[in-house]
Amino acid sequence: MELLAPAGTKESLIAAVENGADAVYLGGKLFNARRFAANFNEEELCWAVKYCHVRGVKVYVTVNTLIHEHELEPVVDYIFSLYNLGVDAVIVQDLGLAHLIHSILPDFELHASTQMFLHNRFGIKFAEKLGIKRAILARELSLDEIAELAESGLDLEVFVHGALCVAYSGQCLFSSLLGGRSGNRGQCAQPCRLPYQLVDRVSQAEVVEQPGDYLISPKDLRLIEHLDLLEKIGVKSLKIEGRMKGPEYTAVVTRTYRDAIDRRRFDHKALTSVFNREFTTHHLFDKQGRNLIRWNPLPHEQNDDIIRSAQDSYRSPKAFRKIPAALFASLAVDEPLKLTLIDNHGTTAYQESELVGEAAEKRPLTKETLKKQLLRFGNDPIKIDSLEIELGENVILPLSEVNRTRRLLVEKWEQARLSTYPMRTVTKEQFVAEKQLAFTAEPPQLKSGSIEPILAVSVTDFEAAQAALDAGADLIYYYGTIYTHHKDFLRDLSQVTTAARRLGAQCFAAVERVTDDDELEHFSNLLDQHQYDGVLVGNIGALKMMLNRRQQHESLKVHGDWSLNIFNSITASYLGSKDLSAFYLSTELNYSQIKAISVKTKHPLGVVVHGQLPLMVSKYCPIGACMDCIKDGGREAFPCMKRKYGLRDRKGYILPVEVDRRCRMHLFNPIDLCLIDQLEQLVEVGIKLFRIEAKGRDPHWISAVVSSYFAKLNGGSSSENELLPYSSAGTYTKGHFHRGVK
């Protein structure tokens with residue numbers, strides 16, 4: 001198994017390599033999910049690739065953010081520079097960027113970031129078709145789930161140590177919506193690390209005495225005791241989190257995991273001597289409740305000896321990581337010193353001295369003296385296991401010449417090591433031509449003509465759907481009773497579809513963002529029992545499953561949800577090529593960014609215009625952790641169903657919480673989105689679907705809000721002020737419509 005270590009700085013990279021990493025991952029100055037790390041400029045990247053490749057270590061560069069429209073050409077140029085530097089792979093999140101790279105540079109290895117949110121078999125299959133060679137899996141997966149995904153044959157990478165996100169990566173808008181700093185753009189402010197109180201959101205009273213203040217702040221991951229299990233099920237790479245950590249952290253953790261992988265005795269205290277928030281195995285074996293959380297910060301006990309040893313590994317000029325090699329030397333009168341180096345990978349280097357051996361008048365060179373000079377590889381990554389010397393009689397050569405010849409030998413060996421890496425096959429001329437083709441290609445043509453604006457409403461029960469239809473909704477996205485524990489959560493789907501068709505509307509069954517393999521199978525089986533007009537998919541696994549299903553149901557319409565993270569026209573066009581009927585743009589885009597995508601996309605685009613926007617979805621449930629839920633090892637059955645809960649933050653806002661049928665926590669913005677006053681602008685730039693988020697809302701609220709939007713889309717004068725009585729916060733937010741994310 002590969003040991004993959006973080007490198008946020010040059011010192012951290014040296015620490016990772018010298019302490020046993022097989023590969024490192026690092027970021028450039030732009031387009032990576034750790035924009036507050038020091039990161040590497042082009043000159044430093046060039047050095048990093050050479051330094052690592054000489055030592056047999058791979059370099060993966062993170063380009064794992066969503067890409068804005070105006071960044072598409074610059075990021076592709078940047079990718080080409082990485083390609084030419086010899087970077088071994090790029091780690092990507094943006095679907096459109098992955099498609100571009102694979103189209104333009106087909107021999108450049110692509111790794112799917114954990115931000116791509118791969119968590120089911122269909123998602124893995126979709127990623128393979130996209131050109132992905134390795135999937136960095138969602139951290140929430142269990143050992144059994146990872147084992148099932150390993151059967152796909154795609155290389156799998158899993159996190160084994162370091163900080164955890166409480167939310168599913170790539171699906172968290174917490175920092176983005178509340179603070180304007182997007183995790184999908186590498187700027188997460190980590191609001192989950194702040195104190196929160198679990199409350200009844202109706203009475204606003206605290207419901208229980210919490211074990212501590214930090215209700216949604218997870219401990220750090222530590223799987224060092226379980227690496228054999230990961231190896232057994234076929235995991236290819238073990239990833240250490242920590243590009244924002246210091247080099248001593250990288251050194252200690254990398255060395256400890258190297259010892260464990262090599263089945264050497266490792267120091268258990270070492271991992272507690274560097275920064276940590278206590279440790280957890282996360283959900284690898286069982287769904288974790290209160291044991292997942294670090295309720296109150298505690299100082300870690302630093303071991304000065306361990307830290308000093310770690311610092312020596314990256315501060316000392318002496319090389320600690322050395323490659324075994326054999327050295328052959330010969331010297332005779334009137335002959336140059338001839339040196340041949342062969343390392344354990346068969347890489348060979350040969351060097352002769354400029355000066356030749358001369359006959360010694362007094363003190364000839366001895367084998368011991370020559371050996372001492374030849375073995376002076378202290379600062380070079382070479383360990384001579386075998387040395388053979390053929391030394392003629394009565395010969396002498398200046399020791400300075402011996403040293404110079406040895407140094408030149410090392411330089412040739414380094415070049416020989418670098419030459420063993422694959423040559424790049426795409427020339428600059430080919431790149432320019434392919435890039436131009438990619439950016440001038442016409443978007444896929446629509447199968448039907450232009451369409452009138454569609455008013456869509458997301459609901460969770462029949463009464464809500466009926467209220468939306470009566471108020472003028474053209475399209476219902478029916479999620480069913482997802483915030484209950486009903487197995488047949490789509491039981492009213494046919495009834496809603498019938499009601500919609502009666503009024504000339506349509507009903508789509510909606511797939512939530514997180515859907516494990518058994519959930520997708522269950523969803524598909526439920527669809528077989530019902531009438532419906534299409535499906536709204538929330539992740540690429542669900543999309544792949546529905547595309548497969550359409551082979552038997554040719555008329556099936558598929559819409560892509562905003563959680564597919566469509567940030568640019570390339571992603572939109574790529575998904576359009578998969579015959580999606582329509583898709584929603586990311587809720588993190590501002591008006592000008594929406595416009596920039598719309599003018600380049602021929603498929604119908606949608607925007608969420610009203611309702612509660614989700615901040616995160618998490619496998620961890622704070623209600624279960626605090627209320628002794630049976631699902632978290634307690635005694636009480638489903639306390640989440642007994643009242644309406646929320647999390648109160650430091651400012652007094654109560655963030656609504658819902659728990660779905662798989663006990664996942666959904667956290668929402670306490671202030672509803674309202675873009676009714678901006679509808680005309682959106683219509684003008686070509687947006688076709690306008691969606692109201694009404695999951696869990698009562699029919700009265702739905703009727704008032706939907707009828708206002710219906711009137712506005714049909715030339716009426718409805719406004720935000722008229723809807724203020726239907727805002728529980730007494731105000732509305734525009735979300736990112738004006739500000740967007742950087």
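Residues numbered from 1 in each chain as written. Predicted model: local features only at pLDDT ≥ 70, side-chain atom pairs only at ≥ 80, totals over all residues. Heavy atoms only, no water.

A.B. asks: Lay out the layout of surface pockets with the relevant residues and their values.
C.D. replies: Of the pockets and cavities examined, the second largest pocket occupies roughly 680 Å³. In terms of lining residues, the second largest pocket is bounded by 24 residues, among which Arg201, Gln612, Pro656, Arg697 and Ser728 are the most central. The element that contributes the greatest number of residues to the lining of the second largest pocket is strand E27 (residues 654-659), accounting for three residues. Counted by class, the lining of the second largest pocket contains 12 nonpolar, four polar and eight charged residues. (1 Å grid on protein atoms, 1.4 Å probe; cavity = no way out; pocket = protein on both sides within 12 Å on 5 of 7 lines; lining within 4 Å. Points joined across faces, edges and corners; volume = space filled by probe spheres on them. Helix = DSSP H or I, 4+ residues; strand = E, 2+ residues; numbered from the N terminus. Nonpolar A, V, L, I, M, F, W, Y, C, P; charged D, E, K, R; others polar.)

A.B. asks: Can you lay out the nonpolar core for me, pointing to particular residues and giving the numbers?
C.D. replies: Considering soluble globular proteins, one finds that nonpolar side chains tend to be buried as a cluster. Among the nonpolar cores identified, the biggest contains 220 residues, and Val24, Val63 and Ile216 are the most heavily contacted of them. By residue number, the principal contributor to this core is helix H3 (residues 72-85), which donates eight residues. Once you skip the residues sitting within four places of it in the chain, Val63 turns out to touch Phe31, Val75, Tyr78, Ile79, Leu82, Val90, Ile91, Val92, Gln93 and Leu97. (Core = buried A, V, L, I, M, F, W, Y, C linked by side-chain atoms within 4.5 Å. Buried < 20%, exposed > 50% of the residue type's maximum accessible area, 1.4 Å probe, protein only. Contact = heavy atoms within 4.5 Å.)

A.B. asks: For the packing of H3 against helix H4 (residues 95-104), give the residues involved together with the corresponding values.
C.D. replies: Put simply, H3 and H4 touch, their axes get as near as 11 Å, and they point 50° apart. Our classification of the angle between H3 and H4 gives oblique. Like other packed secondary-structure pairs, H3 and H4 cross with a definite hand, here right-handed. Across from Leu72, Val75, Val76 and Ile79 in H3, the residues of H4 making contact are Leu97, Leu100, Ile101 and Ile104. Residue classes in the contact of H3 with H4 are distributed as eight nonpolar, no polar and no charged. (Axes fitted to C-alpha atoms, helices over the stretch in contact; angles between N-to-C directions. Parallel < 35°, antiparallel > 145°, perpendicular 65-115°, else oblique. Left-handed = near helix turned anticlockwise from the far one by under 90°.)

A.B. asks: A description of the pattern of salt bridges should follow, citing residues and the corresponding values.
C.D. replies: Per the stated rule, a full pass over the model turns up 42 salt bridges. The shortest N-O distance in the salt bridge between Arg664 and Asp660 comes to 3.7 Å. Looking at Asp660, the relative accessible area reads 7%, which means it is buried. Ionic pairing is found between Lys695 and Glu693, a salt bridge with its closest N-O pair at 2.8 Å. Residue Lys695 shares its accessibility class with Glu693, and that shared class is buried. (Salt bridge = Lys/Arg side-chain N within 4 Å of Asp/Glu carboxyl O.)

A.B. asks: I'd like a description of the sheet that holds strand E12 (residues 323-331), backed by residues and values.
C.D. replies: The mixed open sheet is built from four strands, whose spatial order is E14-E13-E12-E16. Here the strands that pair on one side only, and so sit at the sheet edges, are strand E14 (348-356) and strand E16 (382-391). Strand-to-strand twist of the sheet, defined as the mean angle between neighbouring strand axes without regard to direction, takes the value 15°. Pairing of E12 with E16 involves nine bridges; the strand directions are parallel. (Pairing = 2+ DSSP bridges.)

A.B. asks: An account of the pairing of strand E5 (residues 109-112) is needed here, citing residue identities and associated values.
C.D. replies: Pairing of strand E4 (residues 89-92) with E5, which is carried by four bridges, proceeds in the parallel orientation. When the bridges of E5 are listed, Val92 appears paired with Ala112. For the handedness criterion, the β-α-β arrangement of E4, H4 and E5 is classed as right-handed. The pairing of E5 with strand E6 (residues 132-136) spans three bridges and is parallel. (Right-handed = clockwise from strand over helix to strand, strands pointing away.)

A.B. asks: Describe helix H20 (residues 591-598), and please don't skip the residues or the numbers.
C.D. replies: Taken residue by residue, H20 has Tyr591, Gln593, Ile594, Ile597 and Ser598 as its buried positions. When H20 is viewed along its axis, its buried side chains cluster within an angular range of 165° and face the same direction. Against helix H19 (569-576), strand E24 (605-611) and helix H22 (679-684) lie the buried residues of H20. (Arc of directions from axis to C-beta.)

A.B. asks: Give a detailed account of the packing of aromatic side chains, specifying residues and quantitative values.
C.D. replies: With the rule as written, the count across this model stands at 12 aromatic pairs. On the basis of an interplanar angle of 25° and a centroid distance of 5.0 Å, the ring pair of Trp47 and Tyr51 is categorised as stacked. Of this pair, Trp47 and Tyr51 both sit in helix H2 (residues 42-54), four residues apart, which is roughly one turn of that helix. A residue is classified by how much of its surface remains accessible, and Tyr51, at 11% relative accessible area, is buried. Ring centres of Tyr477 and Phe508 lie 5.9 Å apart, and the angle between their planes is 85°; this geometry places the pair in the edge-to-face category. One end of the pair, Tyr477, is in strand E19 (residues 475-478); the other, Phe508, is in strand E20 (residues 506-510), and 31 residues separate them in sequence. (Phe/Tyr/Trp six-rings, centres within 6.5 Å; stacked < 30°, edge-to-face > 60°.)

That's the geometry; what it means functionally is another story.
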